[in-house]
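Structure assessment
Residue strings, one per chain:
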Amino acid sequence: MGGEPAAGRGSVLAVDAGNSKTDVAVIGPDGSVLGTARGGGFQPPAVGIEAALDTLESAVAEAASAAGLPARDLADQVSACLANADLPSEERELAQAVRARGWGRTTEVRNDTFAVLRAGLPGGAPPRGVAVVCGAGINCAGLLPDGRTARFPAVGRISGDWGGGSGLSEEALWLAARAEDGRGEPTELTRTLPGHFGLGSMYELIEALHLGRIPFAGRYELTPVLFETCAAGDAVAASVVDRLAEEVALLATVALGRLGLLEEVTPVVLGGSVLAARHPRLDGRILELMAAGAPKAVVEVVTAPPVLGAALLGLDRVGANARAHTRLAAHYA
């Protein structure tokens with residue numbers, strides 16, 4: 001893509017690495033996008049840190065090639081927002097491993113929730129706000145201009161989490177199974193969930209999931225079915241959607257409180273596939289709950305790609321001017 005040498009002072013290598021895909025961008029000091037690439041998912045728990053970084057390295061090399069630059073010492077600042085960097089200790093371990101790859105002069109690793117947060121905040125202003133991300137899982141992070149953060153472990157049920165595609169599909173299956181055998185309240189989920197896979201009953205669906213005829217990842221397909229059943233007027237499905245709204249609002253309100261922002265006008269950014277789908281009941285209930293618990297919060301769904309947030313965090317770190325932030329944001333608008 002050309003442009004000034006990315007290895008110059010103030011350049012950024014931005015990485016947004018999720019469980020299913022990775023986006024990489026080489027950013028010039030003026031906010032120009034010099035090269036981009038997309039790679040596979042980043043899953044250190046499954047394959048180990050070095051193997052996961054090998055996947056990242058392929059995408060970094062492709063982005064560097066698109067910019068006409070070598071991958072070694074590619075940028076002044078590496079800004080990597082990574083899935084599975086859930087704890088500060090994991091961020092430090094991953095930062096050390098990324099630094100060893102030699103992609104840039106300095107390296108900062110954050111959980112990928114911070115990329116969604118930064119992507120939803122004004123480009124040239126010091127970052128200040130809270131984000132709730134609901135995709136396969138659920139997480140929340142808050143950030144102040146002085147660098148203070150509010151965050152949650154977000155490693156599953158043991159850290160108090162509920163929600164995301166995993167939690168929603170599991171809850172829908174649980175309610176539908178109990179409804180079919182008489183232990184629970186009647187619900188159309190007993191028909192719509194197995195029907196998605198061409199099956200006639202929850203018993204058949206349970207058997208197919210248990211015996212592996214439907215792969216584990218297939219249950220994530222049931223989250224949209226849950227929302228469709230809710231939209232058709234099913235009370236049990238609606239109760240699950242309402243519970244998610246309560247969880248999103250609670251995460252945001254707690255994070256705002258930790259940062260002392262409950263009494264200030266503050267952006268609250270919602271992201272991830274579940275929230276970005278803009279389901280009317282979910283949207284409406286979140287706004288109701290936020291108006292009650294944090295009336296000064298300004299709630300907005302972010303649609304910009306998270307790699308923009310990683311890049312903006314990098315520009316923040318190198319002290320880029322407002323014009324660079326604006327130019328970068330305009331590229332992804």
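Preceding block: the structure.
This text gives an overview of the structure that appears in the document. (Residues numbered from 1 in each chain as written. Predicted model: local features only at pLDDT ≥ 70, side-chain atom pairs only at ≥ 80, totals over all residues. Heavy atoms only, no water.)

1. Here we look at the overall build of the protein
Helix and strand counts for the protein come out as 13 helices and ten strands. For the protein, the spread of C-alpha atoms along the principal axes amounts to about 65 × 45 × 35 Å. Residues counted as buried form 51% of the 333 residues belonging to the protein. Considering only intrachain contacts with a sequence separation of at least 6, the fraction spanning at least 24 residues in the protein is 68%. Carbon and sulfur atoms make up 53% of the accessible area of the protein, which totals about 14,500 Å². Side-chain charges in the protein split into 28 positive and 38 negative, and the spacing between the mean points of these groups amounts to 5 Å. (Helix = DSSP H or I, 4+ residues; strand = E, 2+ residues; numbered from the N terminus. Buried < 20%, exposed > 50% of the residue type's maximum accessible area, 1.4 Å probe, protein only. Contact = heavy atoms within 4.5 Å. Areas by Shrake-Rupley, 256 points an atom, 1.4 Å probe, with all protein chains shown as cover. Lys, Arg positive; Asp, Glu negative; His and termini not counted. Charge placed at Lys NZ, Arg CZ, Asp CG, Glu CD.)

2. Some remarks on unusual backbone geometry
The backbone of Asn 84 shows a phi angle near 70°, a positive value even though the residue is not glycine. Tracing the backbone through its elements, the reader meets Asn 84 in the loop between β4 (75-82) and α3 (88-99). For Arg 278, which is not glycine, the phi torsion reads 60° and is therefore positive. Turning to its location among the elements, Arg 278 is positioned in the loop between α10 (273-276) and α11 (280-293).

3. A few points about the packing of helix α5 (residues 164-181) against helix α6 (residues 189-196)
Helix packing geometry: the angle between the two helix axes and the distance between the axes. The contact between α5 and α6 brings their axes to 9 Å, and the two run at 120°. Classified by the angle between their axes, α5 and α6 sit oblique to one another. Taken as a pair, α5 and α6 cross one another with a handedness that is left-handed. Mapping the contact onto sequence places Ala 172, Leu 173, Ala 176, Ala 179 and Glu 180 in α5 and Leu 189, Thr 190 and Leu 193 in α6. Within the contact of α5 with α6, the residues separate by chemical class into six nonpolar, one polar and one charged. (Axes fitted to C-alpha atoms, helices over the stretch in contact; angles between N-to-C directions. Parallel < 35°, antiparallel > 145°, perpendicular 65-115°, else oblique. Left-handed = near helix turned anticlockwise from the far one by under 90°. Nonpolar A, V, L, I, M, F, W, Y, C, P; charged D, E, K, R; others polar.)

4. Considering the state of the cysteines
Enumeration over the complete set of coordinates arrives at zero disulfides. Unpaired in this structure, Cys 230 has its nearest cysteine sulfur neighbour in Cys 134, at a distance of 14 Å. The class of Cys 230 is buried, set by a relative accessible area of 9%. (Disulfide = S-S within 2.5 Å.)

5. Thoughts on the packing of aromatic side chains
Under the criterion given, the structure shown has one aromatic pair. A cation over a ring is seen here: Arg 243 above Trp 162, with NZ or CZ 3.9 Å from the ring centre. The ring of Phe 152 carries Arg 258 above its face, with NZ or CZ at 4.5 Å from the centroid. (Phe/Tyr/Trp six-rings, centres within 6.5 Å; stacked < 30°, edge-to-face > 60°. Lys NZ or Arg CZ within 6 Å of the ring centre and 35° of its normal.)

6. So, the sheet that holds β4
Read from one edge of the open sheet, five strands run β3-β2-β1-β4-β5, paired in mixed fashion. Of all the strands in the sheet, just β3 (33-40) and β5 (104-111) have a single pairing partner and so form its edges. Sheet twist, expressed as the mean angle between neighbouring strand axes with direction ignored, is 15°. In the sheet, strand β1 (residues 12-17) pairs with strand β2 (residues 21-27) via six bridges, with the strands oriented antiparallel. (Pairing = 2+ DSSP bridges.)

7. Considerations on the pattern of salt bridges
Summed over the entire model, instances satisfying the criterion amount to 20 salt bridges. A salt bridge links Asp 54 to Arg 101; the shortest N-O distance between them is 2.9 Å. Taken together, the residues span a long stretch of sequence, with Asp 54 in helix α2 (residues 49-67) and Arg 101 in the loop between α3 and β5 at a distance of 47 residues. A residue is classified by how much of its surface remains accessible, and Arg 101, at 13% relative accessible area, is buried. We note a salt bridge from Arg 285 to Glu 288, for which the minimum N-O separation is 2.9 Å. Here Arg 285 and its partner Glu 288 are both found in helix α11, three residues apart, which amounts to about one turn of the helix. Its relative accessible area of 28% is what places Arg 285 among the partly exposed residues. Here the salt bridges share partners, and the residues they tie into one network are Glu 50, Asp 54, Glu 57 and Arg 101. (Salt bridge = Lys/Arg side-chain N within 4 Å of Asp/Glu carboxyl O.)

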